[in-house]
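# Tertiary structure, described
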Amino acid sequence: MMENILPVLLIAVFAVPVQADEVYRKNRKANRLYKEGKYEEALELYNDALLEAPRDPALKMNRGSAQYKLENYSAAEEDYTSALSKKDEKARADLHYNLGNALYRQGEQLMQMGQPQANEKFKQALENYKKTLDINPGDMD
């Protein structure tokens with residue numbers, strides 16, 4: 001009976017690093033595309049990587065940045081918010097800053113359309129900028 005379990009365990013043990021390598025490879029390639037200004041292509045790769053690692057906050061943050069560059073501010077807000085579980089202080093400060101930017105841009109869009117919800121988005125943006133400064137008081141942005 002034990003002989004049947006051993007191959008399954010070996011496959012499970014070796015499959016995890018292969019999956020992690022694939023996610024890392026996709027994230028690196030997507031980051032390179034992002035730096036080249038190819039935001040749609042980067043977004044596709046971030047989406048692919050998130051299918052394999054759906055809880056990875058770094059991938060969510062990266063996807064949020066691609067969404068932001070594509071002016072999908074609501075989607076960027078969702079990604080940044082879901083990435084707030086990051087433990088790294090600097091990354092959390094960056095997330096709050098990015099989230100503030102996404103909220104601010106949404107507020108601008110709502111204001112141009114004469115929507116009263118614009119003020120709420122601006123208030124949320126301000127709260128996130130304050131959280132950035134709480135974590136990183138020297139952040140000049």
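This write-up is about the structure you can find in this document. Every chain is numbered on its own, with residues counted from 1 as its sequence reads. Owing to the predicted nature of the model, reporting of local features is limited to residues with pLDDT of at least 70; listing and counting of side-chain atom pairs is limited to 80 or more, with chain, interface and lining totals taken over all residues. Hydrogens are left out, water is left out, and the side-chain values use all remaining heavy atoms of the structure.

### Comments concerning helix H2 (residues 39-52)
Here a strand is any run of E in DSSP of at least two residues, a helix any run of H or I of at least four, and the numbering for each starts at the N terminus. Here the expected length of a helix is defined as 1.5 Å per residue gap, with one fewer gap than residues. Here H2 contains 14 residues, and its C-alpha end-to-end distance of 20 Å stays within 8% of the 20 Å for a straight helix at 1.5 Å per residue. Relative accessible area decides the class of each residue, using a 1.4 Å probe on protein chains only: under 20% of the type maximum gives buried, over 50% gives exposed, and in between gives partly exposed. Every buried residue of H2 is accounted for by Ala-42, Leu-43, Leu-45, Tyr-46, Ala-49 and Leu-50. The buried side chains of H2 occupy one side of the element, clustering within an arc of 165° when seen end-on. Exposed and facing more than 90 degrees away from the buried side of H2 are Glu-40, Glu-44 and Leu-51. Taken from the helix axis, the directions to the C-beta atoms give the arc we talk about.

### Examining the pattern of salt bridges
Salt bridge, as used here, is a side-chain nitrogen of Lys or Arg placed within 4 Å of a carboxyl oxygen of Asp or Glu. The tally for this structure, following the rule as stated, stands at nine salt bridges. Put simply, Arg-63 and Asp-79 hold a salt bridge, and the shortest N to O gap is 2.7 Å. Linking Arg-63 in helix H3 (residues 57-69) with Asp-79 in helix H4 (residues 73-82), this pair joins segments that are 16 residues apart in sequence. Here Lys-130 ties to Glu-127 by a salt bridge, and the two come within 3.7 Å at their closest N and O atoms. With Lys-130 and Glu-127 both in helix H6 (residues 118-135) and three residues apart, this pair spans about one turn of that helix.

### Regarding a negative patch on the surface
Residues Glu-40, Glu-41, Glu-44 and Asp-48 make up a contiguous surface patch of negative charge. Here Asp-48 shows up in helix H2. A relative accessible area of 33% places Asp-48 in the partly exposed class. For patch detection, residues must exceed 30% relative accessible area and be free of salt bridges, and they are connected within 9 Å for like charges or within 5 Å for nonpolar side chains (Val, Leu, Ile, Met, Phe, Trp, Tyr). Exposure was quantified through the Shrake-Rupley algorithm and a 1.4 Å probe, taking into account, for residues, occlusion by the shown protein chains and nothing else. Charged-residue counts in this description rest on Lys and Arg as positive and Asp and Glu as negative, His and the chain ends being excluded. Charge coordinates come from a single atom per side chain, which is NZ of Lys, CZ of Arg, CG of Asp or CD of Glu.

### Remarks on the layout of surface pockets
By volume, the largest pocket amounts to about 170 Å³. The pocket and cavity definitions rest on a 1 Å grid over protein atoms only: a 1.4 Å probe that fits but cannot leave marks a cavity, an open set with protein on both sides within 12 Å along at least five of seven lines marks a pocket, and residues lining either have an atom within 4 Å of a point. Lining the largest pocket are Tyr-34, Ser-65, Tyr-68, Tyr-80, Asp-94, Tyr-97, Asn-98, Asn-101, Asp-139 and Asp-141. Counting only elements with at least two residues in the lining of the largest pocket, the list comes to H3 and helix H5 (89-112). All amino acids are sorted into three groups, where Ala, Val, Leu, Ile, Met, Phe, Trp, Tyr, Cys and Pro are nonpolar, Asp, Glu, Lys and Arg are charged, and the leftover types, Gly among them, are polar. Among the residues making up the lining of the largest pocket, the classes are represented as four nonpolar, three polar and three charged. Grid points are joined across faces, edges and corners, and a volume is the space filled by probe spheres set on the points.

### Remarks on the packing of aromatic side chains
Two rings from Phe, Tyr or Trp (for Trp, the six-membered ring) form a pair when their centres are within 6.5 Å of each other. A pair whose planes differ by under 30 degrees is stacked, one over 60 is edge-to-face, and the rest are tilted. Inspection of every chain in the model, using the stated rule, returns four aromatic pairs. Ring centres of Tyr-97 and Tyr-129 lie 5.9 Å apart, and the angle between their planes is 50°; on these two criteria the pair is classed as tilted. Here the residue Tyr-97 occupies a position in helix H5, and Tyr-129 occupies one in helix H6, the gap between them amounting to 32 residues. In this structure Tyr-129 comes out as partly exposed when scored by relative accessible area, which is 25%. Between Tyr-104 and Phe-122, the aromatic rings sit 5.3 Å apart at their centres with planes inclined by 50°, giving tilted as the arrangement. Separated by 18 residues along the polypeptide, Tyr-104 in helix H5 and Phe-122 in helix H6 bring together distant segments of the chain.

### Overview of unusual backbone geometry
For Glu-71, which is not glycine, the phi dihedral falls at a positive 65°. By the secondary structure assignment, Glu-71 is in the loop between H3 and H4. For Glu-71, a relative accessible area of 52% corresponds to the exposed category.

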